[in-house]
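Structural overview for review
These are the residues of each chain, in order.
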Amino acid sequence: MSSDRLLDDFNAGKPAALARVVSIVENHRDSYEDILASLHARTGRARRVGLTGPPGAGKSTITSLLVKRYREAGLKVGVIAVDPTSPFTGGALLGDRVRMENVALDPGVFIRSMATRGSLGGLAAATREVADVLDAFGFDRLLIETVGVGQSELDVARTADSTILILVPESGDSIQTLKAGVMEVADIFVVNKADRPGADRLRNDFNAGKPAALARVVSIVENHRDSYEDILASLHARTGRARRVGLTGPPGAGKSTITSLLVKRYREAGLKVGVIAVDPTSPFTGGALLGDRVRMENVALDPGVFIRSMATRGSLGGLAAATREVADVLDAFGFDRLLIETVGVGQSELDVARTADSTILILVPESGDSIQTLKAGVMEVADIFVVNKADRPGADRLRNDVELMLGLRKGISFGNTPAHHGVDLKRMNPARAAREAAAKENPVEWTPPVLSAIATKEQGIDDIVTALDRHFAYLEQSGNLRARRRERMRERVMDVVEQKIRGRLWKDTGTMSWLELQLPSVEEGSATPFGIADQLLRQSGELVRGEEDK
């Protein structure tokens, strides 16, 4: 179709022509400048309303309701919904358009999803131009919805006549952005979800055991929103009652299946169970992919069970950075057992042992790589070994190999052997010695049992529960439970200190400017990174202590 024919159809109000012109302008195809020039004189009639706010604030819902009200008043409405960019197609993910499906089919409504395509302002680069096209087409209202709110997302105020900032009760991070400029450009503030409780009511609902309050507190703590430290401080005295069990192992070992079966056994015993399933991070949302939660659907609806999927978000230890804090929340809420399942096993994934009282390492007959990791540290931190899928070939050999390594590592086979040259090496059996040591009642030193299981048939689960009870009894009797939990507290304090120092230093513009000035001397070799680091720490005492504003 020629440009003249296309413009004729556009001027005649044909929706297909509008869609084509919008595509040409959005993608800056040939002739887009000529089209905009021809339409310019017809712009300026529509009222343009921008809507921004943090993800989850309900922007799309409010946008669709505004569309509905304007349509009831007989007005034509154009919507530009700026969505995140798909890493596959480079186009918009269309989330907002899907959420507005109740108005999308109205012939007096036109909805265009546009991808940010790296725009720091939260608006697609061509948003203003597409708004001009919709304006020239004859729409009475233009609603321009951004991806979220942030210091760089003020473009919406430059595009719209009126800007609405939508907040929700827990959007503490958004309040921070108000100090950075949004306060000056927002014309209308809307506190959505106004039926949600404030801090005092949230705390009361949490103390009353309301699941909705638990979910909200977990979200606040996991995402380190404002007041999360106060919440954790208020709950600290109530932690320490729940037994924490960590489950790790290679992908495909059956961790989720065994976790769900443990939940089932504990629920049959009348215990409340909290599950933290640490999943890989979604490249789209930055959240958990929810794979583990999907696999536990058979227990997810039990009111005595709470399952939280958390994203690793780059954590090398296989646990989300806030896992310990969320575990404290569940502990304080009154759960009897906490099951913490990691993404997988590896040399850097030992954090689960620092978080849990008992750690289960789940292997499968073909997990040869897992045996390699045993040499790298997992052997030292696993309290119970489970060979799952034990009906597969090689399961007995794997179990024997693990027991052999346990026996050799602990020197069990030589415990009662006289030290002389007449030792009969043929009679030594470290694997059998380890197996016998693991079966002892009230042991002085814990030897991890190596159990067999076929989780898909629910075989071996009772043995795992029994082993966990035996291990916890050992920890209590030996005093190691208190030692482990004290070490957990020590590491928690160290983690908080590191987070605070890192945040105060690297978010300070003065510090970063000073560091930039030192880099040439490091490049020339007249200074070293170590010397610069020492100087930075010496001069940043007040900043590190948080006294720079006092």
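Everything quoted here is computed from the prediction, not taken from an experiment.

**A look at the overall build of the chain**
Counting its secondary structure elements, the chain contains 25 helices and 13 strands. Partitioning the contacts of the chain with sequence separation of at least 6, the portion at a separation of at least 24 is 74%. Taken as a whole, the chain presents about 27,600 Å² of accessible surface, with 52% of it coming from carbon and sulfur.

**What to know about helix H3 (residues 32-39)**
The complete set of buried residues in H3 reads Tyr32, Ile35, Leu36 and Leu39. Angular distribution of buried residues about the axis of H3 spans 95°; they occupy a single face of the element. Projecting away from the buried face of H3 at angles above 90 degrees are the exposed residues Glu33, Asp34 and Ala37. In the core, the buried residues of H3 are packed alongside helix H1 (3-11), helix H2 (15-26) and helix H7 (127-137).

**Things to note about the environment of Asp331**
One can find Asp331 in helix H16 (residues 323-333). Once the C-alpha coordinates of Asp331 and His236 are considered, the two residues, 95 residues apart in sequence, prove to be 9.4 Å apart. Each residue touching Asp331, except ones within four places of it in the same chain, is listed here: Arg238, Thr239, Gly240, Arg241, Ala242, Arg244 and Leu338. Engagement of the side chain of Asp331 in a polar contact is seen with the backbone nitrogen of Ala242, the distance being 3.1 Å.

**Description of the packing of H1 against H2**
In contact at an axis separation of 8 Å, H1 and H2 are set at 125° when each is read in the N-to-C sense. By the angle between their axes, H1 is oblique relative to H2. The element H1 and its partner H2 pack so that their crossing is left-handed. For the pair formed by H1 and H2, the contact residues are Leu6, Asp9 and Phe10 on the first element and Ala17, Leu18, Arg20, Val21 and Ile24 on the second. Here the contact of H1 with H2 is built from residues that sort into six nonpolar, no polar and two charged.

**A closer look at the pairing of strand E2 (residues 77-83)**
Judged by how many residues are buried, E2 sits mostly within the fold: seven of seven residues are covered. Both faces of E2 are covered, namely the face carrying Val77, Val79, Ala81 and Asp83 and the face carrying Gly78, Ile80 and Val82. Relative to strand E3 (residues 109-115), E2 runs parallel, the two being bridged by seven bridges. Each residue of the ladder has a partner; that of Ile80, found in E3, is Arg112.

**Let's talk about the sheet that holds strand E5 (residues 162-167)**
Taken in spatial order, the six strands line up as E3-E2-E4-E1-E5-E6 in an open sheet, and their pairing is parallel. With partners counted over all chains shown, the strands left at the sheet margins are E3 and strand E6 (188-191), one partner each. Strand-to-strand, the axes of this sheet are offset by a mean angle of 20°, without reference to chain direction. For E2 and strand E4 (residues 141-145), the ladder comprises five bridges, and the chain directions are parallel. The residue of E4 that forms the bridge with Ala81 is Glu145.

**Looking at the environment of Ala439**
Relative to the helices and strands, Ala439 is located in the loop between helix H20 (430-438) and strand E13 (450-452). Sequence-wise, Ala439 and Arg470 are 31 residues apart; in three dimensions their C-alpha atoms are separated by 9.9 Å.

**Things to note about the packing of aromatic side chains**
For any pair of aromatic rings, the description rests on two quantities: the centre-to-centre distance and the angle between the ring planes. Under the defined criterion, the tally for this structure stands at seven aromatic pairs. Taken together through their ring pairs, the aromatic side chains of Phe10, Phe110, Phe137 and Phe139 make up a single cluster. Across from the ring centre of Tyr70, 5.2 Å away, lies the NZ or CZ of Arg141, which sits over that ring.

**Structural notes on helix H22 (residues 480-506)**
Here H22 is 27 residues long and its end C-alpha atoms lie 38 Å apart, about the 39 Å a rise of 1.5 Å per residue gives. Here H22 has its buried residues at Leu481, Arg485, Arg488, Glu491, Arg492 and Leu505.

**Quick word on the pattern of salt bridges**
This structure, assessed with the given rule, holds 29 salt bridges. For Glu229, the salt bridge identified is with Lys500, shortest N-O distance 3.0 Å. With Glu229 in helix H12 (residues 228-235) and Lys500 in helix H22, this residue pair connects regions lying 271 residues apart in the sequence. A salt bridge links Arg354 to Glu491, with the shortest nitrogen-to-oxygen separation between them at 3.9 Å. Here Arg354, found in helix H17 (residues 351-355), pairs with Glu491, found in helix H22; they are 137 residues apart in sequence, far enough to count as distant. Accessibility expressed as a relative area gives 37% for Arg354, which makes it partly exposed. Taken together, the salt bridges that share partners define one network made up of Lys264, Arg265, Glu458 and Asp462.

**As for the confidence of the model for the chain**
Scored by pLDDT, the chain has a mean of 80; 77% of the residues are at 70 or more. For residues 85-97, every residue scores under 50 in pLDDT, and the model assigns this stretch 34 contacts once sequence neighbours within four places are set aside. Throughout residues 313-318 the model reports pLDDT below 50, and contacts reaching past four residues in sequence, or to other chains, amount to 18 contacts.

**Some words on the pairing of strand E11 (residues 358-363)**
Of all six residues in E11, six are buried; the element is thus mostly enclosed. Side chains Ser358, Ile360 and Ile362 of E11 all project onto a buried face; the interleaved residues Thr359, Leu361 and Leu363 project onto the opposite face, where all are buried too. Where strand E7 (residues 243-248) lies against E11, four bridges are found, and the strand directions are parallel. Residue pairing across strands places Gly246 opposite Thr359, the latter belonging to E11.

Scoring rules and cut-offs
Residues numbered from 1 in each chain as written. Predicted model: local features only at pLDDT ≥ 70, side-chain atom pairs only at ≥ 80, totals over all residues. Heavy atoms only, no water. Helix = DSSP H or I, 4+ residues; strand = E, 2+ residues; numbered from the N terminus. Contact = heavy atoms within 4.5 Å. Areas by Shrake-Rupley, 256 points an atom, 1.4 Å probe, with all protein chains shown as cover. Buried < 20%, exposed > 50% of the residue type's maximum accessible area, 1.4 Å probe, protein only. Arc of directions from axis to C-beta. Polar contact = N/O pair within 3.5 Å; in protein donor to acceptor, adjacent residues only side chain to side chain. Axes fitted to C-alpha atoms, helices over the stretch in contact; angles between N-to-C directions. Parallel < 35°, antiparallel > 145°, perpendicular 65-115°, else oblique. Left-handed = near helix turned anticlockwise from the far one by under 90°. Nonpolar A, V, L, I, M, F, W, Y, C, P; charged D, E, K, R; others polar. Pairing = 2+ DSSP bridges. Phe/Tyr/Trp six-rings, centres within 6.5 Å; stacked < 30°, edge-to-face > 60°. Lys NZ or Arg CZ within 6 Å of the ring centre and 35° of its normal. Expected span 1.5 Å × (residues − 1). Salt bridge = Lys/Arg side-chain N within 4 Å of Asp/Glu carboxyl O. pLDDT = per-residue confidence, 0-100.

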